[in-house]
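As a plain string of letters, each chain reads:
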Amino acid sequence: MKTAWILFVLLFYTSRTLAQPSLPDSLQHRLTQALPDTARVLILDKLSRSLMYSKPFTAMQYAQEGLKLATYIGFQHGEARLLNRIGTIFRLTGNYDRSLDAHLASVNVAEATHDIDALARTYNNLGNLYVEQNNWPKAIDYFQKARTLAKQLGDSVLQQTVLLNLGFNYASQKQLDSALKYTKTAYDLALRLKNEDLQTELLNLGNVNKQLGNYRQALLCYRKSIPYGIFMNNGRVLSQTYYEMANVFRQQNQPDSAIRYATKSLTVAQTSNLPLNTIYASHLLTDLYEPANPRQALAYMRLASVAKDSLQNSEKLKNFQTIEFNEKMRLVDVQRLEEAYQTRMLVYGLIGGICAFMLVALLLYRNNRHKQKANKLLQQQSTETEGQRKKAE
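1. Let's talk about the nonpolar core
Reasoning step 1: Counting 56 residues, the largest nonpolar core has I86, Y123 and L166 as its most contacted members.
Reasoning step 2: Beyond its immediate stretch of four places on either side in the chain, I86 contacts M60, A63, Q64, L67 and A102.
Reasoning step 3: The next biggest cluster of nonpolar side chains, apart from the first, holds 24 residues, and it includes V248, A262, L266 and V268.

2. Side note on unusual backbone geometry
Reasoning step 1: One non-glycine residue, K174, adopts positive backbone phi at about 65 degrees.
Reasoning step 2: Unusually for a residue other than glycine, K194 sits at a positive phi of about 55 degrees.
Reasoning step 3: Summarising the element assignment, K194 is placed in the loop between α10 (176–192) and α11 (199–211).

3. Digging into the pattern of salt bridges
Pairing of side chains with opposite charge becomes possible as their charged atoms draw close.
Reasoning step 1: Counting across every chain of the model gives ten salt bridges.
Reasoning step 2: In this structure, R81 engages D45 in a salt bridge whose closest nitrogen and oxygen atoms are separated by 3.4 Å. Taken together, the residues R81 in helix α5 (residues 76–92) and D45 in helix α3 (residues 37–51) connect sequence positions 36 residues apart.
Reasoning step 3: Ionic pairing is found between D188 and K184, a salt bridge with its closest N-O pair at 2.9 Å. With D188 and K184 both in helix α10, this residue pair falls four residues apart, about one helical turn.
Reasoning step 4: By relative accessible area, which is 36% here, K184 ends up partly exposed.
Reasoning step 5: What you see here is one network of salt bridges that share partners, running through D45, R81, R85, D117, R121 and D155.

4. What to know about the environment of N128
Reasoning step 1: With respect to the helices, strands and loops of the structure, N128 is situated in helix α7 (residues 116–132).
Reasoning step 2: A relative accessible area of 18% means that N128 is categorised as buried.
Reasoning step 3: N128 sits twelve residues away from I140 along the chain, and the two C-alpha atoms are 9.4 Å apart.
Reasoning step 4: Contacts of N128, omitting those with residues within four sequence positions, involve R91, F143 and N165.

5. Examining the side chain of T241
Reasoning step 1: Summarising the element assignment, T241 is placed in helix α13 (residues 235–251).
Reasoning step 2: On the basis of relative accessible area, T241 is assigned to the buried category, the value being 0%.
Reasoning step 3: Here V237 takes part through its backbone oxygen, which lies 2.8 Å from a polar atom of the side chain of T241.
Reasoning step 4: In contact with T241, other than residues within four places in its own chain, are L203, Y222, S225 and I226.

6. Notes on the packing of aromatic side chains
Reasoning step 1: A complete count under the given rule lists seven aromatic pairs for this structure.
Reasoning step 2: Aromatic side chains W136 and F168 sit 5.8 Å apart centroid to centroid with 80 degrees between the ring planes, which places their arrangement in the edge-to-face category. Placement of the pair is W136 in helix α8 (residues 136–153) and F168 in helix α9 (residues 156–172), with a sequence separation of 32 residues.
Reasoning step 3: Looking at W136, the relative accessible area reads 17%, which means it is buried.
Reasoning step 4: The exposure class assigned to F168 is buried, which follows from its relative accessible area of 2%.
Reasoning step 5: Between the aromatic rings of Y289 and Y300, the centroid separation amounts to 5.6 Å while the plane-to-plane angle is 20 degrees, which identifies the pairing as stacked. Of this pair, Y289 sits in helix α15 (residues 275–289) while Y300 sits in helix α16 (residues 294–392), and the two are eleven residues apart along the sequence.
Reasoning step 6: Clustering of aromatic rings is evident, with ring pairs tying together Y123, Y130 and Y142.
Reasoning step 7: Looking at K145, its charged tip hangs above the ring of Y123, at a distance of 5.4 Å from the centre.

Definitions and cut-offs
- Residues numbered from 1 in each chain as written.
- Predicted model: local features only at pLDDT ≥ 70, side-chain atom pairs only at ≥ 80, totals over all residues.
- Heavy atoms only, no water.
- Core = buried A, V, L, I, M, F, W, Y, C linked by side-chain atoms within 4.5 Å.
- Buried < 20%, exposed > 50% of the residue type's maximum accessible area, 1.4 Å probe, protein only.
- Contact = heavy atoms within 4.5 Å.
- Helix = DSSP H or I, 4+ residues; strand = E, 2+ residues; numbered from the N terminus.
- Salt bridge = Lys/Arg side-chain N within 4 Å of Asp/Glu carboxyl O.
- Polar contact = N/O pair within 3.5 Å; in protein donor to acceptor, adjacent residues only side chain to side chain.
- Phe/Tyr/Trp six-rings, centres within 6.5 Å; stacked < 30°, edge-to-face > 60°.
- Lys NZ or Arg CZ within 6 Å of the ring centre and 35° of its normal.

The following block contains the structure:
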């Protein structure tokens with residue numbers, strides 16, 4: 001498994017804290033209560049965030065509802081946050097063009113209102129978007145912008161996140177000195193913040209040291225990461241940590257230790273139902289056993305094949321879910337266009353009705369004026385006739 005792949009998986013799949021299963025229910029309950037509109041907007045944003053990994057379409061519905069309300073009441077801070085959220089959901093579902101549009105719209109709103117907090121978070125997510133496009137220079141540019149604003153805000157948590165992202169990007173470009181600098185700074189800041197979970201920082205720091213050939217330091221970081229992985233019950237990171245340790249021991253020509261940690265990696269991967277981690281751990285064990293125990297190596301090769309089939313099925317399901325999400329979004333867009341069309345027709349109808357009413361009113365007014373003039377003329381003629389009759393008498 002390539003180190004860059006591991007770093008990417010960590011940043012993409014792991015969150016900074018464990019998910020709270022009851023959070024969406026709690027937020028939905030709060031929405032049933034009487035709230036100021038601005039508070040409702042922010043809760044809709046939080047609810048969308050809590051669901052965007054597990055239920056992206058539902059998350060999108062909440063985000064769009066919040067955006068609609070924020071726009072209606074002129075709450076531009078909420079508008080910028082929700083546009084950023086929508087961009088992230090589009091990124092997670094592979095809709096990169098729409099993700100970029102939403103993030104840039106968030107930037108425009110945030111810049112217009114000097115909303116530095118929203119701007120910093122959107123820059124960070126734009127960096128994540130360009131990471132997935134393997135556009136490292138563009139990603140780093142946005143991460144640096146986010147870092148500058150986070151420092152200006154004094155937001156140490158956001159700074160730490162951005163520093164970790166920068167370390168990953170420089171490692172992906174094999175700029176290992178810069179990668180070590182930013183990853184170490186992110187780790188030190190996490191310590192000062194007393195973060196409960198340091199496994200990602202330690203694993204990334206170990207990976208950079210391994211690439212630099214600092215095997216002793218790399219193993220030290222990996223060993224420090226293990227208790228966090230166990231405590232946080234994060235099988236993905238723990239399996240990857242064991243795998244990296246096995247690779248270090250293999251490079252140091254210590255096959256027994258390499259087999260020991262590769263086996264640990266495989267066990268955790270199987271227990272946590274992680275087919276990709278299972279494949280790589282099985283391949284490593286195949287290579288380690290092949291010289292002395294071909295039969296055992298064959299068993300691990302077969303295990304890797306089974307895991308590969310499972311992964312392909314998972315990818316098919318993921319692709320199906322992406323297609324389903326896109327279709328739902330298409331139907332939502334069609335409905336929105338239909339509603340906009342109906343609204344325009346209603347407006348045009350009202351305008352037409354008003355114009356017709358004004359035209360009728362104008363015609364009636366002119367007709368009334370003509371009648372008044374005619375009556376006045378008849379009155380004058382009648383008066384003149386009456387006067388002439390009296391003179392004749």
